[in-house]
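# Observations on the three-dimensional arrangement
Chain by chain, the residues run as shown.
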Amino acid sequence: MSEQERNTLSDPNRLQTIRHSASHVMADAVASIFPETKLGIGPSTEDGFYYDFELSRSLTPEDLPVIEEKMRAIVAADVPFARREITREEARREFAEQPYKLELIDDLEDQETVSLYQHDGFVDLCRGPHVERTGEIGPFKLLSIAGAYWRGDERRPMLQRIYGTAFETQEGLDKFLHNLAEAERRDHRRLGRELDLFSIQEEAGPGLVLWHPKGSMVRKTIEDFWKEEHLRRGYDIVYTPHIFKAGLWKTSGHWEMYRENLFSPMDVDGQEYIVKPMNCPGHILMYKTRLHSYRELPIRWAELGTVYRYERSGVLHGLARVRGFTQDDAHIFCRHEQIEEEIVDVLGLARFMLRSFGFDEYQIMLSTRPDKYAGTIDKWEQATDMLEKALQRLGLVYEVDPGEGVFYGPKIDIKLQDALGRAWQGPTIQVDFNLPERFDVTYIGEDGREHPVAMIHRTVLGSMERFLACLIEHYAGAFPLWLAPVQGVVIPIADRHLDYAYRLASEIRSAGYRVQVDSRSERMNLKIREAQLQKVPYMLVVGDKEAESDTASVRLRSGEDQGKLSLEEVKSMMASDIRAFEHRARS
RNA sequence: GCCCACAUAGCUCAGCCGGUAGAGCACGCCCUUGGUAAGGGCGAGGUCACCAGUUCGAAUCUGGUUGUGGGCUCCA
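So, here's what we can say about the structure.

### Overview of the overall build of chain A
Summing up its helical and strand segments, chain A has 19 helices and 28 strands in all. With the principal axes as the frame, chain A shows a C-alpha extent of 85 × 75 × 55 Å. Here chain A holds 587 residues, and 51% of them are scored as buried. A separation of at least 24 residues holds for 71% of the contacts in chain A among residues at least 6 apart in sequence. Just so you have it, chain A exposes about 28200 Å², and 48% of that area is on carbon and sulfur atoms. Taken as two groups, the 76 positive and 97 negative side-chain charges of chain A have centres that lie 3 Å from each other.

### Comments concerning the nonpolar core
Judged by nonpolar contacts, the single largest core of 90 residues is most densely connected at Ile222, Ile343, Phe357 and Ile412. In terms of residues, this core owes the most to one element, helix α12 (residues 339-356), which gives 10 residues. Of the domains in this structure, domain 2 (205-474) and domain 3 (488-586) are the two that each give at least three residues to this core. Setting aside anything within four residues of it in sequence, one finds Ile412 in contact with Ile343, Leu347, Ile364, Met365, Leu366, Leu387, Leu391, Pro427, Thr428 and Ile429. In this structure, Phe244, Met278, Cys280 and Ala374 belong to the second largest nonpolar core, which totals 29 residues.

### Observations concerning unusual backbone geometry
A cis geometry characterises the amide bond from Leu297 onward to Pro298, with omega recorded as 0°. Inspection of the secondary structure assignment puts Pro298 in the loop between α11 (280-287) and β15 (299-308). Non-glycine residue Arg151 carries a positive phi angle of around 60°. Considering the arrangement of structural elements, one finds Arg151 in the loop between β7 (140-149) and β8 (158-166). Assessed through its relative accessible area of 41%, Arg151 is described here as partly exposed. In this structure, Asp550 takes a positive phi of about 55° despite not being glycine. With respect to the secondary-structure elements, Asp550 resides in the loop between α18 (544-549) and β27 (551-556).

### Focus: the layout of surface pockets
Put simply, the largest pocket is a space of about 1300 Å³. Lining the largest pocket are 43 residues, with Tyr258, Arg309, Glu404, Val406 and Lys411 sitting closest to its centre. Ranked by residue count, the leading element in the lining of the largest pocket is strand β23 (residues 454-463), at five residues. Residue classes in the lining of the largest pocket are distributed as 13 nonpolar, 15 polar and 15 charged.

Criteria and thresholds
Residues numbered from 1 in each chain as written. Chains lettered and ligands numbered in written order. Predicted model: local features only at pLDDT ≥ 70, side-chain atom pairs only at ≥ 80, totals over all residues. Heavy atoms only, no water. Helix = DSSP H or I, 4+ residues; strand = E, 2+ residues; numbered from the N terminus. Buried < 20%, exposed > 50% of the residue type's maximum accessible area, 1.4 Å probe, protein only. Contact = heavy atoms within 4.5 Å. Areas by Shrake-Rupley, 256 points an atom, 1.4 Å probe, with all protein chains shown as cover. Lys, Arg positive; Asp, Glu negative; His and termini not counted. Charge placed at Lys NZ, Arg CZ, Asp CG, Glu CD. Core = buried A, V, L, I, M, F, W, Y, C linked by side-chain atoms within 4.5 Å. Domains from an automatic or database assignment. 1 Å grid on protein atoms, 1.4 Å probe; cavity = no way out; pocket = protein on both sides within 12 Å on 5 of 7 lines; lining within 4 Å. Points joined across faces, edges and corners; volume = space filled by probe spheres on them. Nonpolar A, V, L, I, M, F, W, Y, C, P; charged D, E, K, R; others polar.

Put into structure tokens, the structure is as follows:
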């Protein structure tokens, strides 16, 4: 392969190198505009690059074009990038005015030398590599300004970060910008309002969701499906209260380990109560109402449990990050030797659920012991081991996420990928030896003695809120027929067709479909347009011809005209539409 | 919580340098009964997020509060 060929190929390292070089050029530009600039770090990222700066004043969006202009000049000058190696002492002198760089130099492993990259007059501490010359940096664009803590530590100073991206080709950049626009078009907050699915209002409180009838319909459909599948797979459905006495949360360890997420206690008759942040203690108390034989295990209790967690104001985001949400939770009480089998089953259920909702791509993470944890290291290792074994047994590829577990146990997280390839937190499976111990949860073994029970916490969708956010964006609001809140709209052409329209609608409705009649005295064109914008799967146009022949002219959301179909044909078309989705999941 | 930006009618937005608000869509009424993505007319609707301050006068300037957006930290 020739040198030229190598450079034109879409090599991921090449792209990274370009972006990293672009970040240097950006830093150069910023430093030349703001002479007092203190440099942080400037790496390439998955879809671009950034650089962190400490500046004499705050950046505004108007600064970006100016910086970009400067960058273009540097790229056009096509100056070479030069690597230099110097000793740490020399580096300390070179960056004497750069406190953040000095800190980085001090933190380098005991290497004798450090490498520098220089282009034009700009020198940066950097491992490299870089492109040969600035002219090799392809089309780029600065995207946004953000605050970022130095080294991601909220106790350290906040620097100003500029995000940008660069590509090898103009098409690459265009595609990226197009994707950004597409993501905006699919934004569940926008679609939530446009499709009248839900709202979050200042008056009600940040992070608290009001589910409008249409959003509730989607949610109900998901919940019904979820419950049925759980019953089929040996779960029992339970309900528990929204508040519990504070003592329960002290026993569970939440009071100690999960304090920053708890809402303040409320006083009820002189007793402290706390809104539940999790469902587990309720299930544990229920389990403990009587003795359980090993013969009963595993016991699988599922609850669509609404929990409340205090989330810092800056992290709230539409339905994806809220303060009150409903987990599709379940707790499995079992013997230790049953854990692996149960996890295998849960993974199977989780994969089934994801497929059912149209997600085929996902990524599995194994999160291990965090800094703040309950229980012994020994138990943690045991639990982690079991999760790992189950994953290996199913031959699933996974990554380890060190320190990301919950305080009471390690977990498997499944991140699903939506239509745009973005990852969403979905199913979570956690093994927990700690809560059973704290609450003294046991079963009676074959030997007639008490044994500690093992507990698995799991969700297979995550939460109704976040899952709906993901669904909306995945489908861009055009839900598959079985989930669509309104599955069909009957559109009478003139008022004299209303009777027939109502009759048709009620017959389809009695077959179990959600169909409405658009009875307004508006033109058919308008009704079609609105049904289309509302992403209604089936539009059933009825006029003189249809009323006479007992048919409906079927227009699909895709714009396809199916022609005149009889009532039976319409119903069977809808039925097969739904069946196709079911098969997809079970196959 | 932190950094930056933003907050005008239900929605999307205009409102230059301070002189008490405007469009399109949506909504209501009327006319139109029309064959596959917006028929026409009239009308109603805003203490310009909230609270202070500067000023003869604030949607417009200043400060604070609340909320939202993009990030950081954190997470179902």
